[in-house]
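Now for the letters of each chain:
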Amino acid sequence: MSASAVLPDGRICRYSLRERVVHWIAGISYLYLLLTGLAFWSPWLFWLATLFGGGTVSRELHPWAGLVFVIAVGFMYGLWANQMHTTQTDREFWRALPHYVRNEDEEVPPADRFNGGQKVLFWGFFWCGIFLLLSGLILWFPPLIPWSLRYFRYAAVIIHPVFALLTIGLFIVHVYMGTAMERDSFHSMVRGDVSAGWARKFHPAWYDRLMRAPH
Amino acid sequence: MSQATLEIRRISGHAGSVPGAGLRREFEVCKLIDTTTCIGCKACEVACLEWNGLTFSETTFNNSYQTMPETQWNYWNLIKFNEHERDDGTLQLLMRKDQCMHCEEPGCLAACPADGAIVQYVNGIVDFQQDHCIGCGYCMTGCPFNIPKFSPTARKVFKCTLCVDRVTQGLEPACIKSCPTGCLHFGTKPEMKELAESRAAQLREESGFATAGVYDPAGIGGTHVIYVLHDATNPEAYGGLPNDPRIPWTVKLWKTPLKWIGNLAIVAGLVGVVGHYLRFGPKLPPEEEERP
Ligand code: HEM
Ligand code: SF4
Ligand code: SF4
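Residues numbered from 1 in each chain as written. Chains lettered and ligands numbered in written order. Predicted model: local features only at pLDDT ≥ 70, side-chain atom pairs only at ≥ 80, totals over all residues. Heavy atoms only, no water.

A. Main features of the coordination of the iron atom of ligand 1. All names here are of chain A. Binding of the iron atom of ligand 1 to the protein goes through His-62 (NE2) and His-160 (NE2), at separations of 2.0 to 2.1 Å. Metal-centred angles of 85 to 179 degrees between the six donor atoms at the iron atom of ligand 1 mark the site as octahedral. On the criterion of sequence distance, the pair formed by His-62 in helix α3 (residues 55-80) and His-160 in helix α7 (residues 150-181) is long-range, its members being 98 residues apart. With respect to class, His-62 is no different from His-160; both count as buried. (Donors = N, O, S within 2.8 Å, 3.2 Å for Na, K, Ca; no water. Tetrahedral: all angles 85-135°; square planar, octahedral: opposite > 155°, others 65-115°. Helix = DSSP H or I, 4+ residues; strand = E, 2+ residues; numbered from the N terminus. Buried < 20%, exposed > 50% of the residue type's maximum accessible area, 1.4 Å probe, protein only.)

Quick look at the structure:
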């Protein structure tokens, strides 16, 4: 079942299997990175490392999980980047944000497959991922950075948590939207399909495009 | 070695006085290294290996007497040699014993995320507890002296302990014991500071080293290893002793203000989404909107 296809029962396929697999590889590796990273971030959260096998194990595995995460984000780039360009509708979406926040979705300009917020989420994770990777590589191998290049280490200890914090902000909103707020969107990322009504309400431009296309 | 408590103050159910209690007024220890009387014999390098049970490492030759470019995880004590050209064109062979400085405000400890991996005792010794170390290497970034070193086999970090195991038993560190010229001294911080200042004054007044002085850098609250230098205005000449060592400002920013800003932002984010849900509730698809 490929994305953006109408299924025999009238429901619509929103996410292909490939998209869902990549999403969950990124999601689970991110969750692991977040929880182990927070353990190193604050002594009050060091107990999180105990949940994952102790500080030493977490320290060894966090960077490897980081590689998995970055590779998954790379695949996401391949899957979605061309659908993530900002359009006039997205600019109007941001202007209509108060309506969106107040659940007055009739007042929000018709979104295509992804709305303005989802695009910001995508690019936010993409760019933060690049900075996390670069700073994370330095943190990974401090003994390989000679004393004369120590300023890279000084930069990495500040860049890595700053970009981690930015992704935490994105992540909180993303998880909230995908679970509590738009309950069917969690189902769509697990099983792939959404109802026609859901598509018409939250992604009208996408829905119209599907209905117009021959199938 | 977590033996600081061996200095007994009280004993339960004990008749009479506590042996040793209150005998010492000064607790802060200090090692004094007089670079002007060091002859570069490396007896201290060997004594350090011997006492700490470390294996001999391969030496490297770089057109100098120096054993290797910098200290290693299993080589904590290194004489740094430098052929220093003075302003008048004459050469001066500078020798400085390099090791952990046991900072009053240790950058290694400030940077470390692991509970109990680095401790600072009342006597000023900064000691790594490898049992608790997770091997992240943050201490290497926090230290202004390039001292903590990562062991690829143990995957933990090691450095000079100031022979804390000897000191808590009333012995001087192994390097001090081995020095044949008496350029190394060990005692309380005030005593060593006084001895160092009197030696520096002697160098200035009697030996013609007009800029001789004591190295006890204030930027990190002073150190429990101090130097007498022939030229205190140019510590860099002594194998890269930093002029004004400080904990890197990014490490300070990271460990205090950023922590608070970040933690508040995370909590605010969580409160924000919960508040939004309570106020506005979910976005329901049309077929469900009728049922609340
Ligand atoms: C992209 C590849 C990544 C690499 C190579 C990497 C590597 C590292 C390394 C080596 C450390 C030092 C301690 C340790 O080993 O765990 C670290 C710390 C940390 N990482 Fe990552 N990481 C990556 C991605 C991420 C991501 C996506 C997050 C998102 C939450 C994250 C959050 C953190 C946090 C919060 C810390 C602790 C920072 C601190 O101590 O203040 N990392 N990372
Ligand atoms: S390597 Fe060990 S001692 Fe150094 S900062 Fe990390 S946990 Fe602390
Ligand atoms: S010299 Fe470095 S390792 Fe030693 S106490 Fe100071 S900061 Fe820590």
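B. Broad picture of the sheet that holds strand β2 (residues 12-13) of chain A. All names here are of chain A. A sheet is described by the order of its strands in space; here three strands give the open sequence β1-β2-β3, paired in antiparallel fashion. Among the strands making up the open sheet, the edge pair consists of β1 (5-6) and β3 (193-194). Taken together, the two bridges between β2 and β3 define a ladder with antiparallel strand orientation. Paired with Cys-13 across the two strands is Asp-193, which belongs to β3. (Pairing = 2+ DSSP bridges.)

C. Layout of the site of ligand 1. Lining the immediate environment of ligand 1, one finds 24 residues, of which A:Phe40, A:His62, A:His160, B:Tyr138 and B:Trp254 sit closest. Of the chains in the model, those with residues near ligand 1 are chains A and B. Taking A:His160, its side chain carries an N or O atom lying 2.7 Å from a nitrogen atom of ligand 1. One of the side-chain nitrogen or oxygen atoms of B:Trp254 is found 2.8 Å away from an oxygen atom of ligand 1. Of all the elements in the fold, those that place two or more residues in the shell around ligand 1 are α1 (17-41), α3, α6 (116-140) and α7 of chain A. A breakdown of the residues in the shell around ligand 1 according to their chemical character gives 16 nonpolar, six polar and two charged. (Near = heavy atom within 4 Å. Polar contact = N/O pair within 3.5 Å; in protein donor to acceptor, adjacent residues only side chain to side chain. Nonpolar A, V, L, I, M, F, W, Y, C, P; charged D, E, K, R; others polar.)

D. Summary view of the domain arrangement of chain B. Residue and element names in this part refer to chain B. In terms of domains, chain B is made up of domain 1 (25-247) and domain 2 (248-280). Computed from C-alpha coordinates alone, the two centres of domain 1 and domain 2 are separated by 40 Å. Each partner contributes to the interface: domain 1 provides eight residues, whereas domain 2 provides six residues. In total, about 580 Å² of surface goes out of reach between domain 1 and domain 2, with carbon and sulfur atoms giving 69% of it. For domain 1, the biggest contributors to the area lost against domain 2 are Ala-111, Thr-141 and Ile-247; these three give 62% of the whole. Here domain 1 is connected to domain 2 by zero salt bridges. Put simply, domain 1 and domain 2 have two residue pairs in polar contact (both at pLDDT 80 or more) between them. Contributing elements (two or more residues each) for the side of domain 1 that touches domain 2: α2 (107-111) and α3 (138-142). When residues in the side of domain 1 that touches domain 2 are grouped by element, the largest group, three residues, is from α3. (Domains from an automatic or database assignment. Contact = heavy atoms within 4.5 Å. Buried area = accessible area lost by both parts, 1.4 Å probe. Salt bridge = Lys/Arg side-chain N within 4 Å of Asp/Glu carboxyl O.)

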